[in-house]
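As a plain string of letters, each chain reads:
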Amino acid sequence: MTETTWQTHAAALAATIAQEVNLSEAWRAAFEQTPRHRFVPDVAEDQAYEDASIVIKTIHIGGFDWPVSSSTRPSLMAYMLEALQLQEGMTVLEIGTGTGYNAALLCNRLGDDALVASVDLDAELVDAARARLDALGLHPTLTALDGRNTTTLGQTFDRIIATAGARRIPPAWGSQLNEDGRLVADVGGGTCPRIATLTRQPNGDLRGRLHTRPGWFMPMRPNAAHPHEHPGISPTPIDQDHAIETTTLTALQDLAENEGLAFAINWYMQPEMITDLPADSGHGPGSLITFTDGSWVETTKTSTRYSGPNPHLNDLAQLATAWRELGKPGSDDLRLTVTPDGAHTLSAYGYECLWQND
């Protein structure tokens, strides 16, 4: 691909992103001037400038190739980068180096490599990203370490952006933000994550909001050689042949049509998966909640079916009732506070705790 050709593709990509994201001139210029094809060399060069995620590494376990790193869909990257509210002279830490493309965009936007740091659990990815960045004359600080514990970097930042899924915000992130510093991350994990934007308060708390947009990032994990968030846990298959059916759990019947309730259940109960059941499935329309111990709950407009050692019926009903009493808030009506000791409080409209069991 010639210099002129890739720049034409990059300009077209920026134009595509601008149709979905309120893209500032500064970030549009960064996307136009950063050659994405240099960061995904195993992909056809014209495809590198499509607005799509590109898996760059998998780990083969149990007969399956599990994706563990990707170059994120550029429009999602732009959405999160804009949410950073980055200004000239600010320092920024990226959690999840991946290909190095996002770090390149940050360097381009700030015009000073020394302001950008990026970490990744996988040393192999960090080395490859460093080589790609070096080839473009870009030299941010790259470090191979567990992104959940970045205090060994020995500095604080004005901005932190996490491009790996986090069920909860690690305390290290808050401690490394300067006062009024801003964190953008995909939180909640599981099947209903949401982008969160949080600001560090004078007392050290992180406070902010959730957005309806999910990141769907691969989860943070403790072991670069294993693809799973919890390597020692293998989900137990569910058994639907011995289900109990009830019509009393009416509070759960809003689940399929309300993403705010789905997020709250995902956040507090941390199930293995929440799956929509289409009308033609024989059981829908409705939702299926599964847990790693083989427990499950299936809800429709008329009934609830469940089975397993601990389907969490009481907790699910109490949470759904609390959500309904607060006016059925959507995820963008929810606010999150994270204290320095790691406690998380999810509230509706910023003033009333959604549920106490966290």
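Here, every reference points to the structure presented above.
Here's what I pulled together on the structure shown here. Quick caveat, the model's predicted, so the values are computed rather than measured. Each residue is numbered by its place in its chain's sequence as written, counting from 1. Residue-level local features of this predicted model are given only where pLDDT is at least 70; pairs of side-chain atoms are given and counted only at 80 or more, and the full residue set underlies all totals for whole chains, interfaces and linings. The side-chain numbers reported here are obtained from all heavy atoms of the structure, hydrogens and water having been left aside.

Going along the chain from the N terminus, every DSSP run of H or I of four or more residues is numbered as a helix, and every run of E of two or more is numbered as a strand. Secondary structure summary: the protein chain contains eight helices and 17 strands in total. On C-alpha atoms alone, the protein chain measures out to a radius of gyration of 21 Å, which is about the 21 Å that the 2.2 N^0.38 rule sets for 358 residues. Structurally, the protein chain occupies a C-alpha span of about 65 × 50 × 40 Å along its principal axes. The 358 residues of the protein chain split such that 51% are buried. The convention is simple: Lys and Arg are positive, Asp and Glu are negative, and His and the chain ends are not counted. Where a charge lies is defined by one atom per residue type: Lys uses NZ, Arg uses CZ, Asp uses CG and Glu uses CD. Taken together, the 24 basic and 45 acidic charged side chains of the protein chain have centroids lying 3 Å from each other. Here the globule rule is a power law, 2.2 Å times the number of residues to the power 0.38, and the radius of gyration is based on C-alpha atoms. Burial classes: relative accessible area under 20% of the type maximum marks a residue as buried, over 50% as exposed, and values in between as partly exposed (1.4 Å probe, protein chains only).

A separate point is the pairing of strand β12 (residues 286–290). In regular strands, side chains alternate between the two faces of the sheet. Extensive coverage of β12 is indicated by the burial of five of its five residues. Because side chains alternate across β12, one face comprises the buried residues G286, L288 and T290, and the other comprises S287 and I289, equally buried. Looking at chain direction, strand β11 (residues 273–277) and β12 are connected through five bridges and run antiparallel. Residue pairing across strands places M273 opposite T290, the latter belonging to β12. What makes two strands pair is DSSP finding at least two bridges between them. Strand direction decides the pairing type here: β12 and strand β13 (residues 296–300), joined by five bridges, are antiparallel. Among the inter-strand pairings, L288 is bridged to a residue of β13, identified as E298. As consecutive antiparallel partners, β12 and β13 are separated by five residues, and within that stretch G294 has a phi angle of approximately 95°, a positive value.

Attention now goes to the layout of surface pockets. For each structure, a 1 Å grid was placed over the protein atoms alone; sets of points admitting a 1.4 Å probe that cannot get out are labelled cavities, open sets with protein on both sides within 12 Å along at least five of seven lines are labelled pockets, and lining residues have an atom within 4 Å of a point. Grid points are joined across faces, edges and corners, and a volume is the space filled by probe spheres set on the points. Looking at the largest pocket, its volume works out to about 960 Å³. For the lining of the largest pocket, the element with the most residues is strand β2 (residues 64–71), which contributes three residues. In this structure, the second largest pocket encloses a volume near 650 Å³. The set of elements that each furnish at least two residues to the lining of the second largest pocket consists of β2, α3 (74–83), β3 (92–95), α4 (101–110) and β4 (116–120). No other element matches the four residues that β2 contributes to the lining of the second largest pocket. Residue polarity follows a fixed list, in which Ala, Val, Leu, Ile, Met, Phe, Trp, Tyr, Cys and Pro are nonpolar, Asp, Glu, Lys and Arg are charged, and the others, Gly among them, are polar. Looking at side-chain class alone, the lining of the second largest pocket contains 16 nonpolar, 13 polar and seven charged residues.

Once that is clear, we can look at the environment of P193. In this fold, P193 is placed in the loop between β7 (177–187) and β8 (194–200). Residues P193 and N258 lie 65 residues apart in sequence; the distance between their C-alpha atoms is 14 Å.

Bringing the sheet that holds β12 into the picture now. Taken in spatial order, the five strands make up an open sheet running β10-β14-β13-β12-β11, and their pairing is antiparallel. What marks the edges here is a single partner per strand, and that holds for β10 (244–246) and β11. Pairs of neighbouring strands in the sheet enclose a mean axial angle of 15°, with direction left out of account. Inter-axis angles, ranging from 0 to 180 degrees, are taken between N-to-C directions of lines fitted to C-alpha atoms, where helices are fitted over the stretch in contact.

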